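Now for the letters of each chain:
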Amino acid sequence: MTRSRTHAEGRQATKDTRCKPTKTRRPESAKHRAERLEKKRLAEKRRREGLKRDPDYAVRERQRWHARKKAKKVLPISELKPREQAKRRETARNYKRVQRLRARVRQEEDLNDPAVTLESVSDQVTPGVHAASSKQAIAVRKTIHRDKSACYVKLRRQEQKIQALKKEANRWKKKFYRSKDNEAKTAKQVTPRTKVRKLLNGEQVSAKVKGRLVFGEVISSQLRLSYKSTKSFKVKQVFGRMVNGSVIKRYYFKKHFQKNVLPFKPSTKIQSKDPLKCFMLSLQMRQSILWFPEKEEKQARSQAFKKKKGVNQL
């Protein structure tokens, strides 16, 4: 008997501990949701109407508010934070505005003037919007208008300053380019005689010496002009060989010649050699290129022969 009871108790325990299947809620359609919310609104409306019909409801709410105020659950506006104070005042202003509009509607309804109705009042009232006749709103608009006009005046003055500075910058730019062009023109117009006159600097010399100086300036300017006008590299090489002449080297005028007359710097390794030597060097180079495979084969054969000889000796 005891054994059967324990078995039954065990079965009951397993039934209790067994996981019960959870009911999955079906997704609610939009139509059903709209109907449910409409029923909820109607029920709330009926509840509010019933509370309004109750004469003791206002007294109870007043007592409840005093109790919450005593328990510091409702704070006065002076003890709130600045942001919360602004919100509280905003709601109070909106409430008073609605009350004023409703009073005006009642007066007009009493006078049988259907110009303003409750629907139009509800459309006009929007939270967070001040009345058009509010002194604070008028003052704010005036300050905004004043600040905007000051900004516009400041911008206009800044634009005028910018335009004046641009004109001045353009004027100085043109002046700079004019001076640069004049310098270039004067540099181009400098003749060999003018250069000699500046070089002598008022010293009295014979006409023969002066003629020699002018001739040297003419030759240098002609060489410079010919070097710049030519595009052939071979012709420029000829000018380079002239710079590397033995007479110029002997009197140490090579650097002066390259700096003031010709900027060409030739490679002296090839150009200083004789044509016969260059021809012989080219022949030797050609023969070495042709004989290169034969030399490689001979070296390989000699190395193989040496290896065999060493193995036989061992």
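Parameters at a glance
- Residues numbered from 1 in each chain as written.
- Predicted model: local features only at pLDDT ≥ 70, side-chain atom pairs only at ≥ 80, totals over all residues.
- Heavy atoms only, no water.
- Helix = DSSP H or I, 4+ residues; strand = E, 2+ residues; numbered from the N terminus.
- Buried < 20%, exposed > 50% of the residue type's maximum accessible area, 1.4 Å probe, protein only.
- Contact = heavy atoms within 4.5 Å.
- Areas by Shrake-Rupley, 256 points an atom, 1.4 Å probe, with all protein chains shown as cover.
- pLDDT = per-residue confidence, 0-100.
- Salt bridge = Lys/Arg side-chain N within 4 Å of Asp/Glu carboxyl O.
- 1 Å grid on protein atoms, 1.4 Å probe; cavity = no way out; pocket = protein on both sides within 12 Å on 5 of 7 lines; lining within 4 Å.
- Points joined across faces, edges and corners; volume = space filled by probe spheres on them.
- Nonpolar A, V, L, I, M, F, W, Y, C, P; charged D, E, K, R; others polar.

Observations regarding the overall build of the protein
Phase 1 of the analysis: Looking only at helices and strands, the protein has 13 helices and zero strands in total.
Phase 2 of the analysis: Each helix (α) and strand (β) of the protein, taken in turn from the N terminus, gives the series α-α-α-α-α-α-α-α-α-α-α-α-α.
Phase 3 of the analysis: Looking at the protein as a whole, 10% of its 314 residues are labelled buried.
Phase 4 of the analysis: Partitioning the contacts of the protein with sequence separation of at least 6, the portion at a separation of at least 24 is 39%.
Phase 5 of the analysis: A total of about 29,300 Å² of accessible surface is found on the protein, and carbon and sulfur atoms cover 57% of it.

Points about the confidence of the model for the protein
Phase 1 of the analysis: The predicted model of the protein has a mean per-residue pLDDT of 75, with 69% of residues at 70 or higher.
Phase 2 of the analysis: The low-confidence segment residues 115-119, where pLDDT is below 50, has six contacts with residues more than four positions distant or belonging to other chains.
Phase 3 of the analysis: pLDDT under 50 marks residues 266-272. Its contacts with residues more than four places away, or in other chains, come to 10 contacts.

What to know about the pattern of salt bridges
Phase 1 of the analysis: Under the counting rule described, the total for this entry stands at seven salt bridges.
Phase 2 of the analysis: A salt bridge links E38 to R41; the nearest nitrogen and oxygen atoms lie 2.8 Å apart. Taken together, the positions of E38 and R41, both in helix α2 (residues 30-53) and three residues apart, correspond to about one turn of that helix.
Phase 3 of the analysis: Judged by relative accessible area, E38 falls into the partly exposed class, the value being 37%.
Phase 4 of the analysis: Judged by its relative accessible area of 49%, R41 is partly exposed.
Phase 5 of the analysis: E44 is paired through a salt bridge with R48; the nearest N and O atoms lie 3.9 Å apart.

Focus: the layout of surface pockets
Phase 1 of the analysis: Computed from the structure, the largest pocket encloses a volume of approximately 310 Å³.
Phase 2 of the analysis: Together, 12 residues line the largest pocket, and I248, F253, H256, F257 and V261 are the ones closest to its centre.
Phase 3 of the analysis: Those elements that place two or more of their residues in the lining of the largest pocket are α8 (207-229), α10 (246-250) and α11 (254-260).
Phase 4 of the analysis: At four residues, the largest contribution of residues to the lining of the largest pocket is made by α8.
Phase 5 of the analysis: Class assignment of the residues belonging to the lining of the largest pocket gives a composition of seven nonpolar, three polar and two charged.

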